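Observations on chain architecture
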Amino acid sequence: MSETDADLDRFPAGFLFGTATAAYQVEGSVHADGRGPSIWDTFSHTPGKTRNGDTGDIACDHFRRYDEDLDLMTELGVGAYRFSVSWPRVQPTGKGPASTDGLDFYRRLVDGLHARGIEPVVTLYHWDLPQPLQDAGGWPERDTAARFAEYAAIVAQALGDGVARWITVNEPWCAAWLGYGMGVHAPGLTDVGLAAAAHHHLLLGHGEAVAAVRSAVPAAQIGLSLNLGVARPATDDPDDVAAALRVDGNQNRMFLDPLLRGSYPADMLEHYRGRLPGLSVIRDGDLQVISRPIDFLGINFYSPGTVADASRAAQANAAGYCVPDEQPNPVSADLRVISVTRPAFPQTAMGWEIEPGALTELLTRVRRDYGQIPMLVTENGAAFDDYVEPEGTVRDPERIRYLDGHLRAVLQAREAGADVQGYFVWSLLDNFEWGFGYSKRFGLVWIDYPTGTRIPKESFRWYARVTQEGALPPSGNDAGSA
Ligand code: IFM
């Protein structure tokens, strides 16, 4: 092995290894202490919306078993735990005074983390909008951004003495486009114009929350987590190249440009003109709010994508791609694109292609196009069809290989000049995977849902070794042997 290879197994001192969860996916106890309903309670209780009708009512019971989960984190050796605060636990109706009981849960969590030497990283919004705010129109309404800023101020004042790193919004693309455009996430609407308006107000809410958190916690490090994509054209035909550019606009540039340059990309403004209310909701001064300085950019990454122009399914097929039979969703139809997959690439249980090098590509692209900004990979991980062996263990070599590959990709990106300062495995626990219910397992820890029993998987032991040594096993070693 060359010296360079050896260097690329090791992370610098201070690199933040973490793991992540989100409130609705793990907490359960949805009626405890006066918690109000969120759009995900409503959506998951609507017949046909989630796999097997699964809901987050009990989830991993983390609300009651958090102490046990904190002990698992100690064993895992992580320096940080990223969790989200449930808005309807703090403000049951989405406005008005805070629930002290609701906040107390997060206080206990923060204190428990500090007692174990683990840094809390708080996400303020991971999709559980209080239902009354949706009843008033939800994210397509400007007022929701103002309500979010109020809520952010409440949480920052309550937890600010114990939390130094804040993420305003998680994956606003999902909240806007899956929730209001494709209808596969709460609140389940299929209207591209509403999705575009929600997109803008989620970014506006982010900007307002940055100011709210900064004023309550002046020394805070504040950012947001974007699920950016790597959108490649299926062929070099100009129509496919243009299709990939439209997807890049929707997934990447419509976020990065307003946040880091203070303007929306012209091609996307043009594309969404006429989809109402759409981006007509932008008002003077909004872009200044959205582009308020942030301290880091959180990037969630799982898989790259390949797209073709909607008129070119036959050509993509002839070029060797797997082309889906089903009708494109409303957002892709509006963008006039189809997503295709490459048969040669392995996939996770979500059907997502595994290509770790795409993460390096993404991180270095952000650095190249938007300048030097500290980055954290705030989510990366994979679902596989895990099972418990008769002797009670869970062997998950594919997950170990996936994590190993993506951690190496982070090192490669750092080597290429991207300032990546940390990495969070999604997820600590198997949990409620939104529309897929409990059918998909992303955890380092197996959850036996009927009993709540936790079983650390082999990937847990593997990641514990990485966090302890600050290094990956030398490349060439079987990444699957934990
Ligand atoms: O489970 C989700 C998480 O809530 C947001 N990012 C992607 C994960 C896997 O789909």
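Turning to the overall build of the protein, a few remarks are in order. Secondary structure summary: the protein contains 18 helices and 13 strands in total. Against the compact-globule benchmark of 23 Å for 482 residues, the protein has a radius of gyration of 21 Å, which places it among compact chains. C-alpha extents for the protein along the principal axes are approximately 55 × 55 × 45 Å. A buried classification covers 60% of the 482 residues belonging to the protein. Summing over all exposed atoms, the protein offers an accessible surface of approximately 17500 Å²; the carbon and sulfur share of this is 50%. Each charge class in the protein can be summarised by its mean position, and for the 41 positive and 63 negative side chains these summaries are 2 Å apart.

Once that is clear, we can look at unusual backbone geometry. When glycine is set aside, most residues are seen to have a negative phi, and most peptide bonds are trans. The omega torsion of the bond from A186 to P187 falls at 10 degrees, within 30 degrees of zero and hence cis. Structurally, P187 can be placed in the loop between α9 (172–182) and α10 (192–216). For the bond running from L276 to P277, omega is 0 degrees, close enough to zero to count as cis. As for its placement among the helices and strands, P277 is situated in the loop between α12 (266–272) and α13 (286–290). Residues other than glycine seldom take positive phi values, yet S29 does so here, at roughly 50 degrees. By secondary structure assignment, the location of S29 is in the loop between α2 (23–26) and α3 (39–44). Phi is positive for N52, which is not a glycine, with a value near 60 degrees. Following the sequence through the fold, N52 ends up in the loop between α3 and α4 (62–76). Exposure remark for N52: the relative accessible area of 67% places this residue in the exposed category.

So, on to the site of the ligand. Neighbouring the ligand are the residues Q25, H126, W127, N170, E171, Y302, W352, E379, W426, E433, W434 and F442. A distance of 2.7 Å is found between an oxygen atom of the ligand and a side-chain nitrogen or oxygen belonging to Q25. Within the side chain of W434, one N or O atom sits 2.8 Å away from an oxygen atom of the ligand. For the ligand, the protein covers 95% of the area, taking 280 Å² as the surface of the free molecule. Across the shell around the ligand, the residue classes break down as six nonpolar, three polar and three charged.

On to the environment of D54, then. Its location among the elements puts D54 in the loop between α3 and α4. As for D54 and F432, which are separated by 378 residues in sequence, their C-alpha atoms are 8.0 Å apart. If near-sequence neighbours (up to four positions away) are discounted, D54 is found in contact with S44, F432, G437, Y438 and S439. In this structure the side chain of D54 is engaged in a polar contact, spanning 2.8 Å, whose partner is the backbone nitrogen of Y438.

Here eight strands make up a closed barrel; going around it, the order is β1-β2-β3-β4-β5-β7-β10-β11 and the pairing parallel. For this sheet, the mean angle separating the axes of adjacent strands, direction not counted, is 25 degrees. Along the sheet, helix α18 (residues 458–469) contacts β1 (16–20) and β11 (420–426); its crossing angle with β1, the most-contacted strand, is approximately 150 degrees.

This next bit is on the sheet that holds strand β6 (residues 231–233). Read from one edge of the open sheet, three strands run β6-β8-β9, paired in mixed fashion. Where the open sheet ends on each side, the last strands, each with one partner, are β6 and β9 (337–340). The mean angle between the axes of side-by-side strands here comes to 45 degrees, regardless of whether they run parallel or antiparallel. Sheet analysis places β6 next to strand β8 (residues 305–309), joined by three bridges and oriented parallel. Opposite R232, over in β8, you have T306 as the bridge partner.

Overall, the prediction assigns the protein a mean pLDDT of 96, with 97% of residues at 70 or greater. Every residue in residues 1–6 scores below 50 in pLDDT, and together they form three contacts with partners more than four places removed in sequence or on other chains.

To continue, consider the packing of aromatic side chains. Tallied over the entire structure, the rule returns 30 aromatic pairs. Considering the side-chain rings of F11 and F15, the 4.6 Å spacing of their centres and the 40 degrees angle between planes classify their relative orientation as tilted. F15 shares its class with F11; the two are buried. Ring plane angle 20 degrees and centroid distance 6.3 Å describe the contact between Y24 and W434, whose orientation is recorded as stacked. With Y24 in helix α2 and W434 in the loop between β11 and β12 (445–448), this pair connects stretches of sequence that are 410 residues apart. For the pair Y24 and W434, one class covers both residues: buried. One aromatic cluster is present, built from ring pairs that chain together Y24, W40, F43, W127, F432, W434, Y438 and Y449.

Thresholds applied
Residues numbered from 1 in each chain as written. Predicted model: local features only at pLDDT ≥ 70, side-chain atom pairs only at ≥ 80, totals over all residues. Heavy atoms only, no water. Helix = DSSP H or I, 4+ residues; strand = E, 2+ residues; numbered from the N terminus. Rg over C-alpha atoms; globule rule 2.2 N^0.38 Å. Buried < 20%, exposed > 50% of the residue type's maximum accessible area, 1.4 Å probe, protein only. Areas by Shrake-Rupley, 256 points an atom, 1.4 Å probe, with all protein chains shown as cover. Lys, Arg positive; Asp, Glu negative; His and termini not counted. Charge placed at Lys NZ, Arg CZ, Asp CG, Glu CD. Near = heavy atom within 4 Å. Polar contact = N/O pair within 3.5 Å; in protein donor to acceptor, adjacent residues only side chain to side chain. Nonpolar A, V, L, I, M, F, W, Y, C, P; charged D, E, K, R; others polar. Contact = heavy atoms within 4.5 Å. Pairing = 2+ DSSP bridges. Axes fitted to C-alpha atoms, helices over the stretch in contact; angles between N-to-C directions. pLDDT = per-residue confidence, 0-100. Phe/Tyr/Trp six-rings, centres within 6.5 Å; stacked < 30°, edge-to-face > 60°.

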